[in-house]
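Notes for the structure review
Each chain, letter by letter, is given below.
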Amino acid sequence: MTEPGRKFKVFKLLKIIISAFLLIILVLFTLASIRTFSLDVNVGLQHARWEKTKNISLVIDHHRRDELVSNFKEAIRIPTVSFSETESNTTALLEFDRLLRKAFPTVFSSKLVHHELVANYSHLFWVQGSQPDMVPYMLLAHIDVVPASESDGWEAPPFSAKEIDGFIYGRGTIDDKGPVMGILQALEYLLLKGYAPRRGFYIGFGHDEEVNGYKGAVNIVRVLKQRGVQLSFVLDEGLAVLDDVISGLEGPAALIGISEKGWATVKLSVSMAPGHSSMPPRETSIGILAAAIKRLEENPMPRLFGHGPERETFEHLAHKFRLPLKFIMSNLWLFSPLLSRVMERKPDTNAFVRTTTAVTMFNAGVKVNIIPSLAEAYVNLRIHSAQSLQEVLDLIHSTVGDQRVKIELVDGFDPLPVSSADERSFGFQIIKKTVLDMFPTVTVAPGICIGNTDSRHFKDLTSNIYRFAPVWFKPGDAQRFHGINERISKKNYEELVVFYFSLIQNCDIQKLPEPHSSVHEL
């Protein structure tokens, strides 16, 4: 074959390849465009025919408003602090018990309600339903709070429940006495109105959630297991209503947690013979360990964005983004690698991309002129839903890659199972309906909790665990969680009461309606 002939064939082949490539790009763009303007996973049950229930309405007049706010403030003023797994303010916990009995006399005296203390300080309520064949559900919250000191920079003393510009300030206003008091206040009002539920339900308040819940929640679960209880779903604290928090999203979003990241605390240590600083070896225990820590920080865990519940989150919210973000969010099958690289640049969004690695403690040395024999560091990891604890430990060993560094698992557990959020998920859809009935302009989506809650202990009682309370977060409010100036508006606390008041009644239906998309229409 002549030289011009060969060149012609090469040119023709290149032309075919380029044409095929352009055709593939065109097809992908067309598919992505169709998906962008047709994807709305929220439609389902919004237009379906729900089973009719005669819901009691709640009108909060001036007297009731003063009453519920007064009860809530009194709860905030009781410093139910958990300091560690072995130390808590038991005097405050007993005082909180007395407050509940005083604030909600109908709950504690009703024949429909059975109450018991668990592990001395936690509370378990059973509200009897009229139809025993309906599987019960459970509402969870916790009484204890993390420590707080006014000297940290609070605008008001952290246990004062002081009002400033319509907000009640104090430790526990968000985490988690709002739901504690809101649930019982709602039940008190329902019972006063003569309400008797069709579907029975449990209420559980742990007293040590902030230090892992091993005495409170774990013992509540033990009691329920002994009685053979299985639950339709569990609703605990977790995610919230985000208003102007997600960049590019039009309107507020209520995120309902359907899973939690796993947890691991890993200890790294190096031991060697001590020596005098005047005759140092080439590498010291501190240097060896510091190098290992540096390798962990420079080689983060793999990107897993799109392989866990976070994919559902963005698909549910996609139609509320403006272009071009709407195009990207609607097509994570195509753009998740690109999006993950953008999200990993900020700590708050990087938490959704991968298992995070945080060096939280580093201890070594006793004197300035002595080379220490022991150096140790602690690393805290929050494990992505697409990874297991063992996979994370294997990656740590391979990344450190130094036999002189001893690696030990101090404590840890796998990510929690992912609960269903589809159109046949009773718990998720009831929570969603209750939110939309109250806040019609809000977009509801499943989400992932990067922290952990008491609900993780209940996974043997139900496969449907949800983490949500209708607390409104605006930019900067997330930092108040376990931080300074924790607060909630009086209006928002009132909304919590109304939410649980409606939710309890909404749970009284036998089953969910057929999804609108599958109902035949003329």
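Everything that follows concerns the structure shown earlier in this document.
Heads up: these notes are all about the structure in this document. Just so you know, these numbers come straight off a predicted model, no measurement behind them.

**As for helix H5 (residues 177–192)**
Compared with an ideal rise of 1.5 Å per residue, which puts 16 residues at 22 Å, H5 spans 22 Å between its outermost C-alpha atoms and is within 8% of the ideal. The element H5 is largely enclosed, with a buried count of 15 among its 16 residues. Positive backbone phi, at 85 degrees, marks Gly-194, one or two positions downstream of H5.

**Points about the packing of aromatic side chains**
In this description, an aromatic ring pair is defined by two values, namely the gap between the centres and the angle between the planes. Enumeration according to the criterion identifies 14 aromatic pairs in this entry. Ring geometry for Tyr-137 versus Phe-201: centroids 5.1 Å apart, planes at 15 degrees, classification stacked. Within this pair, whereas Tyr-137 is found in strand E5 (residues 137–142), its partner Phe-201 is found in strand E8 (residues 201–206), the two being separated by 64 residues in sequence. Residue classification places Tyr-137 among the buried residues on the basis of a relative accessible area of 0%. Here Phe-201 falls in the buried class, since its relative accessible area comes to 0%. A ring pair is formed by Phe-305 and Phe-314, whose centres lie 5.6 Å apart and whose planes are at 65 degrees; its orientation type is edge-to-face. With respect to class, Phe-305 is no different from Phe-314; both count as buried. Directly above the aromatic system of Trp-50 lies the positively charged group of Lys-433, at a separation of 5.0 Å from the ring centroid. Sitting over the face of the ring of Phe-167, Arg-487 holds its NZ or CZ atom 3.8 Å from the ring centroid.

**Let's talk about the environment of Asp-477**
Inspection of the secondary structure assignment puts Asp-477 in the loop between strand E18 (465–473) and strand E19 (487–489). Given the relative accessible area of 11%, Asp-477 is considered buried. In this structure the C-alpha to C-alpha distance between Asp-477 and Asp-61, which are 416 residues apart in sequence, comes to 29 Å. In this structure, Asp-477 is in contact with Trp-472 and Arg-487, ignoring residues within four places of it in sequence. There is a polar contact of 2.9 Å between the side chain of Asp-477 and the backbone nitrogen of Lys-474.

**Quick notes on helix H7 (residues 285–298)**
Taking 1.5 Å of rise per residue, 14 residues should cover 20 Å, and H7 covers 20 Å from first to last C-alpha, within 8% of that figure. Within the span of H7, buried status applies to Ser-285, Ile-288, Leu-289, Ala-292, Ile-293 and Leu-296. Buried residues of H7 fall within an arc of 130 degrees about the axis and therefore sit on the same side. Along H7, the residues that are exposed and aim more than 90 degrees away from the buried face are Glu-297 and Glu-298. Elements in contact with the buried residues of H7: strand E11 (262–271), strand E13 (356–364), strand E15 (374–383) and helix H12 (389–400).

**Describing the nonpolar core**
Core analysis: the largest hydrophobic core is formed by 91 residues, its most contacted members being Met-181 and Leu-235. Residue contributions to this core peak at nine residues, all from H5. The contacts of Leu-235, once residues within four sequence positions are left out, are Met-138, Leu-139, Leu-140, Ile-431, Tyr-466, Arg-467, Phe-468, Phe-499, Tyr-500 and Leu-503. Counting residues in each nonpolar core, the second largest holds 22 residues, with Val-270, Ala-375, Val-392 and Leu-393 among its members.

**Concerning the sheet that holds E15**
Hydrogen bonding along the main chain pairs the strands of a sheet, whether they run parallel or antiparallel. Ordered by their spatial adjacency, four strands build an open sheet running E13-E15-E11-E16, and the pairing between neighbours is antiparallel. Each edge of the open sheet carries a strand with a single partner, namely E13 and strand E16 (406–413). Across the sheet, the mean angle from the axis of one strand to that of its neighbour is 20 degrees, orientation sign disregarded. Sheet topology note: the E11/E16 ladder contains seven bridges and is antiparallel. Across the sheet, Thr-265 pairs through a bridge with Asp-411, a residue of E16. The strands touched by H7 are E11, E13 and E15; relative to E15, the strand with the most contacts, the crossing angle is about 15 degrees. Across the face of the sheet, H12 comes into contact with E11, E15 and E16 while running at roughly 160 degrees to E16.

**Quick notes on a nonpolar patch on the surface**
A surface patch of nonpolar side chains, about 380 Å² in accessible area, is lined by Leu-13, Leu-14, Ile-17 and Ile-18. Examined against the element boundaries, Ile-18 turns out to sit in helix H1 (residues 3–38). With a relative accessible area of 48%, Ile-18 lands in the partly exposed category.

**What about the pattern of salt bridges?**
Summed over the entire model, instances satisfying the criterion amount to 23 salt bridges. Among the charged side chains, a salt-bridge network with shared partners connects Lys-73, Glu-163 and Lys-490.

Rules and cut-offs
- Residues numbered from 1 in each chain as written.
- Predicted model: local features only at pLDDT ≥ 70, side-chain atom pairs only at ≥ 80, totals over all residues.
- Heavy atoms only, no water.
- Helix = DSSP H or I, 4+ residues; strand = E, 2+ residues; numbered from the N terminus.
- Expected span 1.5 Å × (residues − 1).
- Buried < 20%, exposed > 50% of the residue type's maximum accessible area, 1.4 Å probe, protein only.
- Phe/Tyr/Trp six-rings, centres within 6.5 Å; stacked < 30°, edge-to-face > 60°.
- Lys NZ or Arg CZ within 6 Å of the ring centre and 35° of its normal.
- Contact = heavy atoms within 4.5 Å.
- Polar contact = N/O pair within 3.5 Å; in protein donor to acceptor, adjacent residues only side chain to side chain.
- Arc of directions from axis to C-beta.
- Core = buried A, V, L, I, M, F, W, Y, C linked by side-chain atoms within 4.5 Å.
- Pairing = 2+ DSSP bridges.
- Axes fitted to C-alpha atoms, helices over the stretch in contact; angles between N-to-C directions.
- Patch = residues over 30% accessible without salt bridge, like charges linked within 9 Å, V, L, I, M, F, W, Y side chains within 5 Å.
- Areas by Shrake-Rupley, 256 points an atom, 1.4 Å probe, with all protein chains shown as cover.
- Salt bridge = Lys/Arg side-chain N within 4 Å of Asp/Glu carboxyl O.

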